[in-house]
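An overview of the molecular structure
Spelled out from the first residue to the last, the chains are:
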Amino acid sequence: MNQFNYIRPSKQQAAIEAVAKDANAKFIAGGTNLVDLMKRGVMAPQKLVDINRLPLTKIERQGNALRIGALALNATVADDRQVRERHPLLAQAINAGASAQLRNMATTGGNMLQRTRCPYFYDTAMPCNKREPGTGCGALEGINRMHAIFGFSDKCIAVHPSDMSVALVALDATVLVSGPKGDRRIPFTDLHRLPGDAPEKDTTLEPGELITAVDVPDGPFTKHVSYYKVRERASYAFALVSAAAALDLDGTTIKAARLAFGSVAHKPWRLTAAEQMLVGKPATEETFRQAAAVAMQGAKAFKHNEYKLKLAPNTLIQALKTAAA
């Protein structure tokens, strides 16, 4: 048993200061990821700062966006009327993640910050640069069937596990954070990092910064959307590949598109080139196949995940076909 201190401040600034002043402190909310990592010995924080008393659970309109508090539970967000009506892609993605029990505990902020499920990261007997920098990446020459085909480095080929984040990156969300230096806004595309030479850093958050909310802007993507997740079993499994697709249609002509892959990179993978290619085109299977080919440019597989080079474009095509209906 690793001993740790536990505090539960009721003021946001007190929580931020508690983590900012202690490099071994971590925020905890639902605990659906951090507690598992502590049990397995992957992480051993010496202080837990429980933020559940902070007033960060609201889902409300803020200007031309829907603001979702960082402590809003995944189940609550997916079932919220405003989310279902204005951002059905987000509701679909959340409901595709984990189990009902976990969605009843997991928070919006925690979902964004969950760590990779790479088995080499979870196994403390194996080398892992993300868990222990400088030890190597066991997945490079190991069993890498679940791993990245985009944006990886020779230091890490792990993938980001969140379903919700794939929808948020596609919907141009913005993350609101507060820290020792004040408040700032981070475009969702910039929240997560590629591994590069520092795979231990998952995000661009500064020490002590706390996610307080996420803003999802209004848009035309309220009807023709699909989150398509391919997994090895229908319940409680992380994606082999997932695709988020949202279309704005004028009849059968595509006026705008938002696309993203999940479980193919160290971060949710936005497909801007494929989005641009779709504009002005007819919503046909042939068009979708062309977009999928554009989306796969630059993809590279390893020994055990070559199947993703075929599965990923097929997943995107199916998501687009479902969205177009």
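Please refer to the structure higher up on the page.
Okay, so let's go over this structure. Note that this is a predicted model, so its numbers are computed, not measured.

So, how was this worked out
Residues numbered from 1 in each chain as written. Predicted model: local features only at pLDDT ≥ 70, side-chain atom pairs only at ≥ 80, totals over all residues. Heavy atoms only, no water. Helix = DSSP H or I, 4+ residues; strand = E, 2+ residues; numbered from the N terminus. Rg over C-alpha atoms; globule rule 2.2 N^0.38 Å. Buried < 20%, exposed > 50% of the residue type's maximum accessible area, 1.4 Å probe, protein only. Areas by Shrake-Rupley, 256 points an atom, 1.4 Å probe, with all protein chains shown as cover. Pairing = 2+ DSSP bridges. Contact = heavy atoms within 4.5 Å. Axes fitted to C-alpha atoms, helices over the stretch in contact; angles between N-to-C directions. Phe/Tyr/Trp six-rings, centres within 6.5 Å; stacked < 30°, edge-to-face > 60°. Polar contact = N/O pair within 3.5 Å; in protein donor to acceptor, adjacent residues only side chain to side chain. Arc of directions from axis to C-beta. Lys, Arg positive; Asp, Glu negative; His and termini not counted. Salt bridge = Lys/Arg side-chain N within 4 Å of Asp/Glu carboxyl O. Parallel < 35°, antiparallel > 145°, perpendicular 65-115°, else oblique. Left-handed = near helix turned anticlockwise from the far one by under 90°.

1. Examining the overall build of the protein chain
Looking only at helices and strands, one finds twelve helices and twelve strands in the protein chain. Against the globule reference of 20 Å for 325 residues, the protein chain gives a C-alpha radius of gyration of 19 Å, in line with a compact fold. Seen along its three principal axes, the alpha-carbon backbone of the protein chain occupies a region of about 60 × 50 × 35 Å. Buried residues in the protein chain amount to 53% of all 325 residues. By element, 48% of the accessible surface of the protein chain is carried by carbon and sulfur atoms, the whole surface being about 14700 Å².

2. A word on the sheet that holds strand E9 (residues 224-230)
The four strands lie next to each other as E9-E10-E11-E12, forming an open sheet whose pairing is antiparallel. Every other strand in the sheet has two partners, leaving E9 and strand E12 (269-270) as the edge strands with one partner each. Pairing of strand E11 (residues 253-262) with E12 involves two bridges; the strand directions are antiparallel. Bridged to alanine 260 within E12 is arginine 270. Its contacts with the sheet put helix H5 (residues 88-95) on E9 and strand E10 (241-250), and the angle it makes with E9 is roughly 15°. Taken strand by strand, helix H12 (residues 308-324) contacts E9, E10 and E11, and its axis lies near 35° from that of E10.

3. What about the sheet that holds strand E5 (residues 65-69)?
Sheet architecture is open: five strands sit in the order E4-E5-E8-E6-E7, paired in antiparallel fashion. Edge positions in the sheet fall to strand E4 (59-62) and strand E7 (182-187), since each of these pairs with one other strand and no more. Pairs of neighbouring strands in the sheet enclose a mean axial angle of 25°, with direction left out of account. As judged from the five bridges shared by strand E6 (residues 174-179) and strand E8 (residues 210-217), these two strands associate in the antiparallel manner. In the strand pairing of E8, threonine 174 is matched with aspartate 215.

4. Some remarks on the packing of aromatic side chains
Under the defined criterion, the tally for this structure stands at four aromatic pairs. An angle of 20° between the planes, with centres 6.4 Å apart, marks the rings of phenylalanine 150 and phenylalanine 261 as stacked. You can see phenylalanine 150 sitting in the loop between helix H8 (119-122) and helix H9 (164-170) and its partner phenylalanine 261 sitting in strand E11, a full 111 residues away along the chain. What makes phenylalanine 150 buried here is its relative accessible area of 3%. Here phenylalanine 150 and tryptophan 269 contribute two aromatic rings whose centre-to-centre distance is 5.2 Å and whose plane-to-plane angle is 20°, an arrangement assigned as stacked. Separated by 119 residues along the polypeptide, phenylalanine 150 in the loop between H8 and H9 and tryptophan 269 in strand E12 bring together distant segments of the chain.

5. Remarks on the side chain of aspartate 215
Mapped onto the elements of the fold, aspartate 215 is located in strand E8. Of the polar contacts made by the side chain of aspartate 215, one reaches the side chain of arginine 67; its length is 2.7 Å. Among residues more than four places away in sequence, those in contact with aspartate 215 are Ala65, Leu66, Arg67, Ala173, Thr174, Leu176 and Arg185.

6. Let's talk about unusual backbone geometry
Most peptide bonds take the trans configuration, and most residues that are not glycine carry a negative phi. At tyrosine 236, a position not held by glycine, the phi torsion is positive, near 50°. Mapped onto the elements of the fold, tyrosine 236 is located in the loop between E9 and E10. One non-glycine residue, serine 263, adopts positive backbone phi at about 60°. Serine 263 gets classed as buried once you look at its relative accessible area, which sits at 6%.

7. Notes on helix H1 (residues 12-20)
Of the positions making up H1, those classed as buried are Ala15, Ile16, Ala18 and Val19. The arc that holds every buried residue of H1, seen down its axis, measures 160°, which confines them to one face. Here the buried face of H1 lies against strand E1 (5-7), strand E2 (25-28), strand E3 (47-50), E6 and E8.

8. Comments concerning the side chain of arginine 103
Within the secondary structure, arginine 103 sits in helix H6 (residues 100-103). Despite its burial, arginine 103 pairs with no opposite charge; the closest candidate is aspartate 163, at 8.1 Å N-O. At 3.3 Å, the side chain of arginine 103 forms a polar contact with the backbone oxygen of asparagine 95. Apart from residues lying up to four places away in sequence, arginine 103 is in contact with Leu73, Asn74, Ala75, Ile94, Asn95, Gly97 and Ala98.

9. Describing the packing of helix H11 (residues 285-295) against H12
Taken N-terminus to C-terminus, the directions of H11 and H12 make an angle of 140°; their axes are 9 Å apart at the nearest point. Overall, the two elements H11 and H12 adopt an arrangement that is oblique. Crossing geometry of H11 relative to H12 is assigned as right-handed. Contacts from Glu285, Phe288, Arg289, Ala292 and Ala295 in H11 reach Pro313, Asn314, Leu316, Ile317, Leu320, Lys321 and Ala324 in H12.

10. Thoughts on H5
In an α-helix, one turn spans 3.6 residues, which is why side chains three or four residues apart end up on the same side. Within H5, six of the eight residues are buried, leaving the element largely enclosed by the surrounding structure. Among the residues of H5, those classed as buried are Pro88, Leu89, Leu90, Ala91, Ala93 and Ile94.

11. A short note on the environment of asparagine 104
Secondary-structure assignment places asparagine 104 in the loop between H6 and helix H7 (108-113). Sequence spacing of asparagine 104 and aspartate 172 is 68 residues, and the spatial spacing of their C-alpha atoms is 25 Å. When residues no more than four places from it in sequence are discounted, the contact partners of asparagine 104 are Leu73 and Ala75.

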